[in-house]
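If you want the building blocks of each chain, they are given just below.
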Amino acid sequence: MSPSQRPGTWRIGRVVGVDVLIRPSLLVMGAILVVAFAPRYEDRGTSPYVLAAVFVVALYASVLIHEIAHVVAARAFGMRVDSVTLHLLGGETLIEGESRTPWQELVTSIVGPLASLAIGVASFTAADSMAIGTASDIVWSIGYVNIVVAIFNMLPGLPLDGGRVFKAIIWQLTGREEAGTRIAAWIGRAAAVAIVVLALTRLGNDTATSVDLVISLLIAWFLWQGSSEALHHAGRSARINRLVARDIGFAGATPPPGAVPLPVDLRGAELLKAMAARPAEAYALVESDGTIYGVLTARAVDETYRETPR
Ligand SMILES: [Zn+2]
């Protein structure tokens with residue numbers, strides 16, 4: 001098992017230096033898609049299942065190209081990428097570290113849908129120039145699914161690419177990443193509600209099928225879940241950022257003998273990391289000139305975190 005191997009995934013290969021992982025459920029979904037699409041390819045001289053399988057493999061390859069676009073952009077900004085996990089309508093690119101600027105967030109998120117859009121347009125153009133037949137039909141289908149992948153991923157909700165684009169824009173406008181996350185998450189929740197309302201109002205419509213309704217509800221649930229997760233995360237990191245050693249420490253107190261020294265200017269995640277590296281009940285807070293500022297207790301940090309308003 002390689003270090004990047006995530007539980008419940010299979011490694012199917014390496015592309016541009018990153019592991020490509022799939023979940024077993026993707027194979028099940030692929031088989032279902034082959035059966036679902038096979039009737040479209042009947043009476044073509046070749047087994048409809050073979051042709052449908054070609055189409056499904058091309059669909060997954062398209063999703064992989066979408067993810068590789070994210071990988072290349074993240075790398076260009078010096079972020080490390082460990083693995084790509086493929087899902088049905090998109091993948092998940094595991095990036096170490098986060099965007100440091102709104103521009104990085106915007107570019108790394110938008111290149112995926114742009115890649116899908118480019119493949120879609122190229123496939124339509126190619127299909128148009130081919131003689132009508134099985135080959136052009138498959139190429140056209142590939143174009144179609146790439147447009148679907150581009151649109152789905154541009155839905156305005158975290159963690160989708162569209163949500164990250166909104167986050168980047170609001171981050172740029174307000175200068176605060178947390179505001180970007182929160183507002184993008186609320187846009188995602190609003191989009192989820194809008195999708196449900198739209199699906200329900202179409203219920204009386206003859207052209208609406210129950211499959212449409214189920215798909216709409218699934219997408220809405222996915223958007224709501226992702227946005228709630230993002231809000232929770234933003235709240236947690238905001239609370240952690242308010243932990244400041246100098247404020248929490250007992251100024252002037254004498255550290256117990258042998259207490260682990262910590263720089264008094266530590267704060268937020270850095271403070272928690274330093275404490276986790278050398279677990280203790282009490283730390284000596286030290287100024288940059290080496291003088292003792294006071295004592296920081298693990299209990300005080302814990303209590304401050306709990307009392308910080310969400
Ligand atoms: Zn994407």
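Residues numbered from 1 in each chain as written. Predicted model: local features only at pLDDT ≥ 70, side-chain atom pairs only at ≥ 80, totals over all residues. Heavy atoms only, no water.

Visitor: Which residues make up the coordination of the zinc ion, and what are the values?
Guide: Protein ligation of the zinc ion involves H66 (NE2), H70 (NE2) and D161 (OD), the donor distances falling in the range 2.0 to 2.1 Å. The sequence pattern formed by the donor residues of the zinc ion is H-x3-H-x90-D. Remark: H70 and H66 occur in helix α2 (residues 48–76); sequence separation between them is four residues, near one turn of the helix. Overall, the relative accessible area of 1% leaves H66 in the buried class. Judged by its relative accessible area of 5%, H70 falls in the buried class. (Donors = N, O, S within 2.8 Å, 3.2 Å for Na, K, Ca; no water. Helix = DSSP H or I, 4+ residues; strand = E, 2+ residues; numbered from the N terminus. Buried < 20%, exposed > 50% of the residue type's maximum accessible area, 1.4 Å probe, protein only.)

Visitor: With reference to specific residues and values, describe the sheet that holds strand β6 (residues 260–263).
Guide: Reading across from one edge, β5-β8-β7-β6 is the order of the four strands in this open sheet, with mixed pairing throughout. The open sheet has two edge strands with one neighbour each: β5 (250–251) and β6. When β6 meets strand β7 (residues 282–286), the two strands line up parallel, connected through four bridges. Along β7, the bridge assignment pairs L262 with L285. Contacting β6, β7 and β8 (292–297), helix α9 (residues 268–277) runs over the sheet at an angle of about 165° to β6. Each of β5 and β8 is contacted by helix α10 (residues 298–307), which is oriented at about 65° to β8, the strand it contacts most. (Pairing = 2+ DSSP bridges. Contact = heavy atoms within 4.5 Å. Axes fitted to C-alpha atoms, helices over the stretch in contact; angles between N-to-C directions.)

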